[in-house]
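A structural walkthrough
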Amino acid sequence: MDTQALLLNANIEKVNANVLQMLSKRGRDIFFPKLGILAQAAQAKGKSINATIGEAFEDDGMSMHLPEFDLLVNMPTANIFPYAPSFGKPELRALWKESIYRKNSSLKDTIISNPIATNGLTHGLSMAGYMFIGEGDTILLSNHYWENYNLIFENNYGAKVETFELFANGGFNMVDFSKKLNSIMTEKIVILLNFPNNPSGYTPVKSEIKEIISEIKMVADKGKKVVVIIDDAYFGLVYEDNVFTESIFVELANLSENVLALKLDGPTKEDYVWGFRVGFITYAIKGGTVELYEALENKTAGAVRGTISNISQLSQSLLYKVYSAPTYEQSKKAKYDVLKTRYTVLRNALSKQEYAEYFSPLPFNSGYFMCIELKKGLAAEDIRKHLLEKYSTGVIVLGNVIRLAFSAVPQIKLPELVENIYKACIDLDK
Ligand SMILES: Cc1ncc(COP(=O)(O)O)c(C=O)c1O
């Protein structure tokens, strides 16, 4: 193992040896190179002749670039063309960290790591897999989950996906969560929690969050090393009172020296910049110190460097500018209001009595989506095809539930969407 990795591992072990046990083999081996090209380039910074960097500069020291770009982007060239650091742009990381505390006030003064920038949440999840999941490790998810988790965790890292039933009696299925959690026999347990959930649009209510935390605490108290990956892609899009509006990260960050919380978040869905490809990964564990977090940050940045090198300079610069704009909060609220209105309109549309004969909604209260479950033995895939052919309506089928992305449908068309599903059910109920 490289001596730089050995040093990071020793720093982790000094603060909390459990974290070292949680790392995968890849996670233990990785490091962000402080020697070699990067170190030599850093030492040459500001010298009168600098022949170290693998970028091109004009004679006046500006980034070399094609003039056509000047008409398109109104920012200094240094914020557009150069590579960004593998850790992410420092000013954006600082701003994002501050925003995690602001949006999750229960964190108070809990020490968390600095966020490491990732290429959207997908890449953040993959980096979490890189660091913590090895061949044959089990990852526990709800049975309603984003299908890309299979590619990320199973295909990339050889994990075994185990699921618990998300719902019972119109709410979170604590019994099955507890049963599945306690059935994992290995010393290390990896759990993935995604609220607001894709596809169901469910976020647990406050009392359920407390119970989920207490279940995790119980296994940690028995000595299990628990890694909780928190997919906060739809953070902030909660539409009902009584639902937990902060990230479950706040409850895990200081829970136990046996529980490492990984918060995966980013502007993709929250700030409506799907194609920008910026996300973040942030760590917290009870008793975590700057030294421990620096070691994890270094390892994560090393994993980023070894996979995609770094995240778009331009995207990070644009986000930093928008986050610093005085109108940002107001503009964001206006978009939230649009989604919340769609949520309300869809909920009302679904409440028509006659629909109950053919389908009923799964619990939903947040996010971009909701799901309906069909009755009378109707096959979701047949309904989907019929909707496309006869009613010019597209929906997603997952297993035998239909997912509706109300985020993508104008408010005025939402009642028609539900009515079309109803008509398709009547057509096929023969
Ligand atoms: C639950 C969940 N996590 C992560 C992502 C991916 O986010 P990103 O586009 O930032 O990679 C999605 C996208 O659909 C998602 O639904």
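Residues numbered from 1 in each chain as written. Predicted model: local features only at pLDDT ≥ 70, side-chain atom pairs only at ≥ 80, totals over all residues. Heavy atoms only, no water.

1. Things to note about the overall build of the protein
Basically, it comes down to this: Secondary structure is summarised from DSSP: a helix means a run of H or I of at least four residues, a strand means a run of E of at least two, and numbering begins at the N terminus for each. The size measure is the radius of gyration over C-alpha atoms, and the globule rule it meets is 2.2 Å times the number of residues to the 0.38 power. Per-residue accessibility, obtained with a 1.4 Å probe over protein chains only, is compared with the maximum for each type, and a residue is labelled buried under 20%, exposed over 50%, and partly exposed between these values. Throughout, the Shrake-Rupley method with a 1.4 Å probe supplies accessible areas, and for residues the shown protein chains are the sole cover considered. Only four residue types enter the tally: Lys and Arg on the positive side, Asp and Glu on the negative side, with His and both chain ends excluded. By convention, the point assigned to a charge is CZ for Arg, NZ for Lys, CD for Glu and CG for Asp.
Check the secondary structure of the protein and you find 16 helices and 13 strands. A compact globule built from 430 residues should have a C-alpha radius of gyration of about 22 Å, and the protein, at 23 Å, falls within 12% of that. C-alpha atoms of the protein, sized along the principal axes, occupy 80 × 60 × 40 Å. Counting only residues that meet the buried cut, the protein has 54% of its 430 residues in that class. Within the structure as shown, the protein displays about 19600 Å² of accessible surface, and the carbon and sulfur contribution to it stands at 54%. Averaged over its 46 positive side-chain charges, the protein has a centre that lies 1 Å from the centre of its 49 negative ones.

2. Focus on the sheet that holds strand 12 (residues 396-398)
The pairing of strands in a sheet comes from backbone hydrogen bonds and takes either a parallel or an antiparallel form. Counted only if it meets this: A pair of strands is considered paired only if DSSP assigns at least 2 bridges between the two. In this description, a line fitted to the C-alpha atoms serves as the axis of each element, helices being fitted only across the stretch in contact, and the angle between N-to-C directions of two axes falls anywhere from 0 to 180 degrees. By definition in these notes, contact holds between two residues if any of their heavy atoms fall within 4.5 Å.
Read across the open sheet, the 4 strands follow the order 10-11-13-12; overall the sheet is antiparallel. Two strands lie at the open edges of the sheet, namely strand 10 (359-361) and strand 12, each paired on one side alone. Taking each pair of neighbouring strands and ignoring which way they run, the sheet shows an average axis angle of 35°. Both strand 11 (residues 369-374) and strand 13 (residues 401-405) contribute to a ladder of 5 bridges, which runs antiparallel. Following the sheet pairing, Ile372 is matched in strand 13 by Ile402. Contacts from helix 16 (residues 414-428) reach strand 10, strand 11 and strand 13 within the one sheet, and its direction differs from that of strand 10 by about 145°.

3. Re the pattern of salt bridges
Put simply, the rule reads: By salt bridge we mean one thing: a side-chain nitrogen of Lys or Arg within 4 Å of a carboxyl oxygen of Asp or Glu.
A complete count under the given rule lists 24 salt bridges for this structure. The partner of Lys225 in a salt bridge is Glu187, with the nearest N and O atoms 4.0 Å apart. Within this pair, whereas Lys225 is found in strand 7 (residues 225-231), its partner Glu187 is found in the loop between helix 8 (174-183) and strand 6 (188-193), the two being separated by 38 residues in sequence. A salt bridge links Arg384 to Glu381; the nearest nitrogen and oxygen atoms lie 2.9 Å apart.

4. Regarding helix 13 (residues 313-323)
For an α-helix, the turn length of 3.6 residues means that residues three or four places apart are oriented alike. We count it as follows: As used in this structure description, the phrase polar contact means that two N or O atoms lie within 3.5 Å; if the pair is within protein, one of them must be able to donate a hydrogen and the other to accept it, and residues adjacent in sequence are counted only when both atoms belong to side chains.
Inspection of helix 13 places Gln313, Ser315, Gln316, Ser317, Leu319 and Tyr323 among the buried residues, and these make up the whole buried set. For helix 13, the capping residue at the N-terminal end is Ser312, with a side-chain oxygen 3.3 Å from the backbone nitrogen of Leu314.

5. Focus: the site of the ligand
Under the convention used in this document: Near residues are defined by distance, with any heavy atom within 4 Å of the molecule or strand qualifying the residue. When residues are grouped by polarity, Ala, Val, Leu, Ile, Met, Phe, Trp, Tyr, Cys and Pro land in nonpolar, Asp, Glu, Lys and Arg in charged, and all others, Gly among them, in polar.
Inspection of the region around the ligand gives 13 residues, with Thr122, Asn198, Asp231, Tyr234 and Thr268 positioned closest. One nitrogen or oxygen atom from the main chain of Leu121 is found 2.7 Å from an oxygen atom belonging to the ligand. Within the side chain of Thr268, a nitrogen or oxygen atom sits 2.6 Å from an oxygen atom of the ligand. With the chains in place, 92% of the 400 Å² that the ligand exposes on its own is no longer accessible. Listed by contribution, the elements that provide at least two residues to the shell around the ligand are helix 6 (120-132) and helix 11 (267-270). Per-element accounting of the shell around the ligand gives the leading share, 3 residues, to helix 6. For the shell around the ligand, the per-class residue count stands at 5 nonpolar, 5 polar and 3 charged.

6. Quick look at the sheet that holds strand 8 (residues 259-265)
Strand order across the open sheet formed by 7 strands is 1-9-8-7-6-2-3, with mixed pairing between neighbours. Taken across any chain shown, the strands that pair with only one partner, and hence form the sheet edges, are strand 1 (116-118) and strand 3 (160-164). If you compare each strand with its neighbour and ignore which way they point, the axes differ by 25° on average. Across 5 bridges, the pairing between strand 2 (residues 138-142) and strand 3 is parallel. The residue bridging Leu141 from the neighbouring strand is Thr163, located in strand 3.

7. A look at the nonpolar core
Just so we agree on the cut-off: By nonpolar core we mean a set of buried residues, namely Ala, Val, Leu, Ile, Met, Phe, Trp, Tyr and Cys, connected to one another through side-chain atoms within 4.5 Å.
The biggest cluster of nonpolar side chains holds 134 residues, and the ones touching the most others in it are Phe132, Phe153, Ile216, Ile229, Leu252, Leu262 and Phe359. Those residues within four positions of Phe359 in sequence are excluded, and the remaining contacts are Leu350, Ile372, Glu373, Leu374, Lys375, Val418, Ile421, Tyr422 and Cys425.

8. What about unusual backbone geometry?
The residue after Phe195, namely Pro196, is reached through a cis peptide bond having omega -10°. Cis geometry is adopted by the peptide bond preceding Pro199, which originates at Asn198 and carries an omega value of 20°. Relative to the elements of secondary structure, Pro199 occurs in the loop between strand 6 and helix 9 (206-221). Even without being glycine, Ser392 reaches a positive phi, approximately 50°. Within the secondary structure layout, Ser392 lies in the loop between helix 15 (380-391) and strand 12.

Honestly, it's all geometry; don't read function into it.
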